[in-house]
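Listed below, chain by chain, are the residues.
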Amino acid sequence: MTVGHTPAAGVDLYYEERGGGQPILLIPPSGATASTWGALADELTGLGRVIAYDRRGYHRSGGDVVRTVAVHTDDAAALVEALGAAPAVVVGTSAGATIALDLAVRRPDLVRTVVVHEAPWRALLHPDLSGLRMLARMQWLALRGRHDQATDVLLRYVYSYRDGGSAWDAFPDEWRRVARENGRSVVADLRATLRSYPRRRALAAVARPVVCTYGTRSRGYMATVTRRLAGAIPTATVQPIVGAAHAVPFDAPAAFARVIAEAVASSEIARKV
């Protein structure tokens with residue numbers, strides 16, 4: 001594995017790279033970094049050149065807390081260009097999925113195909129009472145500067161299973177420590193991706209193939225959100241991931257890797273036609 005930093009508008013984005021061939025860019029969700037993809041990164045090394053990075057506002061990349069998706073999208077574009085990784089297969093989960101979609105909207109020249117897991121697109125239009133209670137508690141803690149506790153509240157909820165328990169409590173201690181230490185960015189990520197996602201008109205113009213996935217163990221509204229997102233993108237398909245919830249790289253890395261491999265193969269066939 002190679003590690004490094006590349007400049008992007010005043011920060012040096014930390015990245016990790018492994019494997020070779022077709023570039024695959026992994027855009028992390030809230031609280032995650034280049035080092036918290038677990039077995040998924042290894043699963044993908046046989047498929048291509050896997051590039052994972054820490055987003056702006058997280059300690060190894062530095063910079064201020066980011067409050068809009070556009071800034072993260074610009075950083076992703078800068079990373080792909082600096083590493084000569086275009087066109088990349090762009091993979092994102094949760095907040096990272098929103099950034100991946102925005103990259104396909106704004107910089108299609110850098111994208112070959114997109115795989116997004118449970119992007120919170122227009123999620124506030126599908127309110128869940130327990131989710132609204134969680135948001136209120138998280139905001140209360142964040143307003144009092146208790147961002148580490150706000151991170152616990154948020155991520156324990158979003159990584160929960162519809163049949164009980166949460167992947168958050170099963171994560172390695174190091175993953176939870178990193179998320180808490182970057183708590184300000186975690187809270188900002190949520191606010192940004194719930195408010196500054198790509199609009200329907202922009203998504204309707206996406207020409208690159210998009211695979212929208214959701215976990216069969218996720219709360220029911222995620223399937224609805226995912227299907228409605230796919231309905232807004234003319235090139236999109238929907239794929240459930242059996243046994244997974246929101247933390248798909250942790251819950252079902254091999255199954256998610258297969259979906260990514262199928263997306264790569266399909267885009268290669270389309271490119272040759």
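Before any of the text, the structure's been laid out above.
These remarks concern the structure in this document. All of these numbers come straight from a predicted model, not from anything done at the bench.

What counts as what
- Residues numbered from 1 in each chain as written.
- Predicted model: local features only at pLDDT ≥ 70, side-chain atom pairs only at ≥ 80, totals over all residues.
- Heavy atoms only, no water.
- Phe/Tyr/Trp six-rings, centres within 6.5 Å; stacked < 30°, edge-to-face > 60°.
- Helix = DSSP H or I, 4+ residues; strand = E, 2+ residues; numbered from the N terminus.
- Buried < 20%, exposed > 50% of the residue type's maximum accessible area, 1.4 Å probe, protein only.
- Pairing = 2+ DSSP bridges.
- Axes fitted to C-alpha atoms, helices over the stretch in contact; angles between N-to-C directions.
- Salt bridge = Lys/Arg side-chain N within 4 Å of Asp/Glu carboxyl O.
- Right-handed = clockwise from strand over helix to strand, strands pointing away.
- Core = buried A, V, L, I, M, F, W, Y, C linked by side-chain atoms within 4.5 Å.
- Contact = heavy atoms within 4.5 Å.
- Expected span 1.5 Å × (residues − 1).

## A look at the packing of aromatic side chains
And then number 1: Counted according to the given criterion, the structure contains six aromatic pairs.
And then number 2: Between the aromatic rings of Trp121 and Tyr197, the centroid separation amounts to 6.4 Å while the plane-to-plane angle is 70°, which identifies the pairing as edge-to-face. Separated by 76 residues along the polypeptide, Trp121 in the loop between strand E6 (111–117) and helix H4 (129–143) and Tyr197 in the loop between helix H7 (183–195) and helix H8 (200–203) bring together distant segments of the chain.
And then number 3: Overall, the relative accessible area of 16% leaves Tyr197 in the buried class.

## What to know about the sheet that holds strand E1 (residues 2–8)
And then number 1: Strand order in the open sheet formed by eight strands is E1-E2-E4-E3-E5-E6-E7-E8, and the pairing between neighbours is mixed. This sheet does not close on itself; its edge strands, each paired only once, are E1 and strand E8 (236–241). Between one strand axis and the next, the sheet turns by 25° as a mean value, whatever way the strands run.
And then number 2: Pairing analysis gives four bridges linking strand E3 (residues 23–27) to strand E4 (residues 49–53), with the strands arranged parallel.

## Considerations on the pattern of salt bridges
And then number 1: One pass over the structure, following the stated rule, counts 17 salt bridges.
And then number 2: Notably, a salt bridge pairs Asp109 with Arg107, separated by 2.8 Å at the nearest N-O pair.
And then number 3: Residue classification places Asp109 among the partly exposed positions, given a relative accessible area of 44%.
And then number 4: The partly exposed category is assigned to Arg107, whose relative accessible area is 24%.
And then number 5: Each of Glu16, Arg18, Asp42, Asp54 and Arg60 takes part in a single network of salt bridges with overlapping partners.

## Examining unusual backbone geometry
And then number 1: Cis geometry marks the peptide bond from Ala86 to Pro87, where omega comes out at -10°.
And then number 2: Counting through the fold element by element, Pro87 comes out in the loop between helix H2 (69–82) and strand E5 (88–93).
And then number 3: One non-glycine residue, Ala9, adopts positive backbone phi at about 50°.
And then number 4: Following the sequence through the fold, Ala9 ends up in the loop between E1 and strand E2 (11–18).
And then number 5: For Glu118, which is not glycine, the phi torsion reads 50° and is therefore positive.
And then number 6: For Glu118, the position within the fold is in the loop between E6 and H4.

## Regarding the pairing of E6
And then number 1: Of all seven residues that make up E6, seven are buried, and the element is covered over most of its length.
And then number 2: The pairing of E5 with E6 spans six bridges and is classified as parallel. Residue Ala88 lies in a different strand from E6, and its bridge partner there is Val111.
And then number 3: Chirality of the crossover, the property in question, places the unit of E5, helix H3 (residues 95–106) and E6 among those that are right-handed.
And then number 4: Alignment of E6 against strand E7 (residues 210–215), held across four bridges, turns out to be parallel. If you follow Val116 over to E7, its bridge partner there is Cys212.

## What about the nonpolar core?
One broad rule of soluble globular proteins: the nonpolar side chains tend to lie buried together.
And then number 1: Counting residues in each nonpolar core, the largest one holds 39 residues, and the members touching the most others are Leu25 and Val210.
And then number 2: With six residues, the single largest contributor to this core is H3.
And then number 3: Contacts of Leu25, omitting those with residues within four sequence positions, involve Ile51, Tyr53, Ala76, Leu79, Val80, Ala88, Val89, Val90 and Val91.
And then number 4: Trp37, Val115, Ala244 and Ile260 belong to the second largest nonpolar core, which has 25 residues in total.

## Some details on H7
And then number 1: Counted at 1.5 Å a residue, the expected span for H7 with its 13 residues is 18 Å, and the 19 Å between its end C-alpha atoms agrees.
And then number 2: Burial analysis of H7 places ten of its 13 residues in the buried class, the great majority of the element.
And then number 3: Among all positions of H7, only Gly183, Ser185, Val186, Val187, Ala188, Asp189, Leu190, Ala192, Thr193 and Leu194 are buried.
And then number 4: Where H7 is buried, its residues touch H2, H3, H4, helix H5 (147–158) and helix H6 (173–181).

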